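# Geometric and topological summary
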Amino acid sequence: MANAVFVAPFLLPATVRFIAAAALLPDVRLGLISQDPEERLRDDLRAALSGHYRVTDGTDAQQIADATRVMARHLGSVDSLLGMLEQLQVPLGEVRDALGIKGMGAEVARNFRDKARMKTVFEANGVPCARHRLVHSAVEARAAAAALGYPLVAKPPAGAGARSTFRLDGDHQLAAWLDADGPGDASPVLLEQMVIGAEHSFDSVVIDGELIWHSISRYLPTPLEVLENPWVQWAVILPRDISGAEYDPIRHDGLRGLRALGLRTGLTHMEWFRRPGGDIAISEVAARPPGAQFTSLLSYAHDVDMYAAWARLEIFGEFSPPERQYAVGAAYLRGQGSGSVVAIHGLDTLQHELGDLVVEAHLPVQGQSPSGTYEGEGHVILRHPETSVVEAGLRRVVEVARVELGEVS
Ligand SMILES: Nc1ncnc2c1ncn2[C@@H]1O[C@H](COP(=O)(O)OP(=O)(O)O)[C@@H](O)[C@H]1O
Ligand SMILES: [Mg+2]
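Residues numbered from 1 in each chain as written. Chains lettered and ligands numbered in written order. Predicted model: local features only at pLDDT ≥ 70, side-chain atom pairs only at ≥ 80, totals over all residues. Heavy atoms only, no water.

### Some remarks on the sheet that holds strand β5 (residues 132-135)
What counts here: Strand pairing follows a simple DSSP-based rule, namely that at least 2 bridges must link the two strands. For the purposes of this entry, the term helix denotes a DSSP run of H or I that reaches at least four residues, the term strand denotes a run of E that reaches at least two, and both are numbered from the N terminus. Helix axes are fitted to C-alpha atoms over the stretch in contact, other axes to C-alpha atoms as well, and angles between N-to-C directions run from 0 to 180 degrees. Contacts: residue pairs with any heavy atoms within 4.5 Å of one another.
Taken in spatial order, the 4 strands make up an open sheet running β5-β8-β6-β7, and their pairing is antiparallel. Edge strands, defined here as strands with exactly one partner in the open sheet, are β5 and β7 (166-168). Ignoring which end each strand starts from, the neighbouring axes of this sheet average 25 degrees apart. Pairing geometry for strand β6 (residues 152-155) and β7, over 3 bridges, is antiparallel. Bridge pairing links V153 to R167 in β7. Each of β5, β6 and β8 (189-193) is contacted by helix α7 (residues 138-148), which is oriented at about 170 degrees to β5, the strand it contacts most. Across the sheet, helix α8 (residues 171-181) is in contact with β6, β7 and β8; its angle to β7 comes to roughly 145 degrees.

Right under this line is the structure:
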């Protein structure tokens, strides 16, 4: 029997899937630390928890440590501490360090959380990545632009969801960005050489520093292009066969990057580019399960419950590598225009053409307000043994589905 504590400030549906997977594992007693009241959870899940502790700030290391100590008295011990939120990874590492709990410590967590630090570690270890500079002022930004050259990407060193991320093509754009959104001493910005190429992910499980399993996916088009065009609908595809030599560089450099950052055991979500010439550049990596329905995509592609598999890995350090059974992909539906969702067009056509491929559909509903993120207002997940079928299907969804925004009468 293992005693584990899950930290989740807010009990949102996506988070609750991970909590439920951990709570329902055999041989696990799970305590929950959250900001939201326990009453938010379904009755069966509340009954499956061995304890709950409510805090006022669920990302504060001191509060998490205090709550974990209470939980340890209640359960007899706390053997592992887990959470999937990006902003929690450093505080969780601090608490593990302070309380002597196994798992990723704060030093390693910081390598993953702070992108400037991550890139510095990559460069020092010869892991291919974009050249970068962390800048604290307009003067430093201009010097970095002169040294790195355009096009550049400006982004927060600890961002997520491509927020406050901009492409800068020349001095004029740099000047405009410095006026509107420039860096300061307390708000440094990461400037990177822009990598031109096809963006992919590399999701992997490492145990004791060895690569146990991995998945590769491709974004069509890249998240930054999606963000620059509020109406662009996009897709991500997990090809069925990823055994080809074209993926050897990411298998090799991806693992080297993870080892350089200090990862011993964990599921991580890495993003990387393939340049037109064929060489690769690693963009970033998060030491947590991926968001954006990605954990569901991994589950569909391998016919396993990746939520539960992640929880088992975190708690027991075990993972049975699943075989890829299908090609899978998600198409993200994004509203066009302004206002709330008034109609979705094209669904009948898509149902007729692709109905057999759909394994999950989360369709926008009338009156819904736009999410303001690249995940848009809804998504459709397709699955088939052949990659080309899924790829063609995703293109059809992106072409045909149209989410109309406007005034709801
Ligand atoms: N150096 C770069 N070259 C090209 N595109 C980039 C670069 N850095 C970021 N991007 C684009 O911006 C997106 C968001 O940046 P990323 O570093 O992944 O931050 P986040 O944590 O917000 O996902 C990426 O998915 C990619 O499309
Ligand atoms: Mg990213």
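### Observations concerning unusual backbone geometry
Rules: Per-residue accessibility, obtained with a 1.4 Å probe over protein chains only, is compared with the maximum for each type, and a residue is labelled buried under 20%, exposed over 50%, and partly exposed between these values.
With an omega of -10 degrees, the peptide bond running from Y150 to P151 counts as cis. Tracing the backbone through its elements, the reader meets P151 in the loop between α7 and β6. Cis geometry is found at the peptide bond from L220 to P221, where omega equals -15 degrees. Residue position: P221 is located in the loop between β10 (210-220) and α9 (223-228). With a phi close to 50 degrees, S164 is a non-glycine residue in the positive phi region. With respect to the element layout, S164 can be found in the loop between β6 and β7. Using a relative accessible area of 47% as the deciding quantity, one classes S164 as partly exposed. Notably, D303 is not glycine yet its phi reads approximately 55 degrees, a positive angle. As for its placement among the helices and strands, D303 is situated in the loop between α11 (294-302) and α12 (306-316).

### Structural notes on the coordination of the magnesium ion (ligand 2)
Basically, it comes down to this: Donors, by definition, are the N, O and S atoms found within 2.8 Å of a metal, the threshold being 3.2 Å for Na, K and Ca, and water is not counted, so a site can look incomplete.
The coordination sphere of the magnesium ion (ligand 2), as far as protein atoms go, consists of E271 (OE) and E284 (OE), spread over 1.9 to 2.1 Å. Placement of E271 in strand β12 (residues 266-274) and of E284 in strand β13 (residues 280-286) is noted, with a sequence separation of 13 residues between them.

### With respect to the domain arrangement of the protein
Definition in use: Each domain span listed reflects an automatic or database assignment of domains. Once two parts are put together, the accessible area they lose, assessed with a 1.4 Å probe and summed over both, is termed the buried area. Put simply, a salt bridge is a Lys or Arg side-chain nitrogen that is within 4 Å of an Asp or Glu carboxyl oxygen. As used in this structure description, the phrase polar contact means that two N or O atoms lie within 3.5 Å; if the pair is within protein, one of them must be able to donate a hydrogen and the other to accept it, and residues adjacent in sequence are counted only when both atoms belong to side chains.
Parsing the protein into structural domains produces domain 1 (2-106), domain 2 (131-193) and domain 3 (198-406). On a C-alpha basis, the centres of domain 1 and domain 3 stand 27 Å from each other. Listed per partner, the contact involves 21 residues of domain 1 and 14 residues of domain 3. In terms of surface lost to domain 3, no three residues of domain 1 exceed R17, F18 and L25, which account for 35% of the buried area on that side. Between domain 1 and domain 3 we count 1 salt bridge in total. Across the contact surface, domain 1 and domain 3 share 5 residue pairs in polar contact (both at pLDDT 80 or more).

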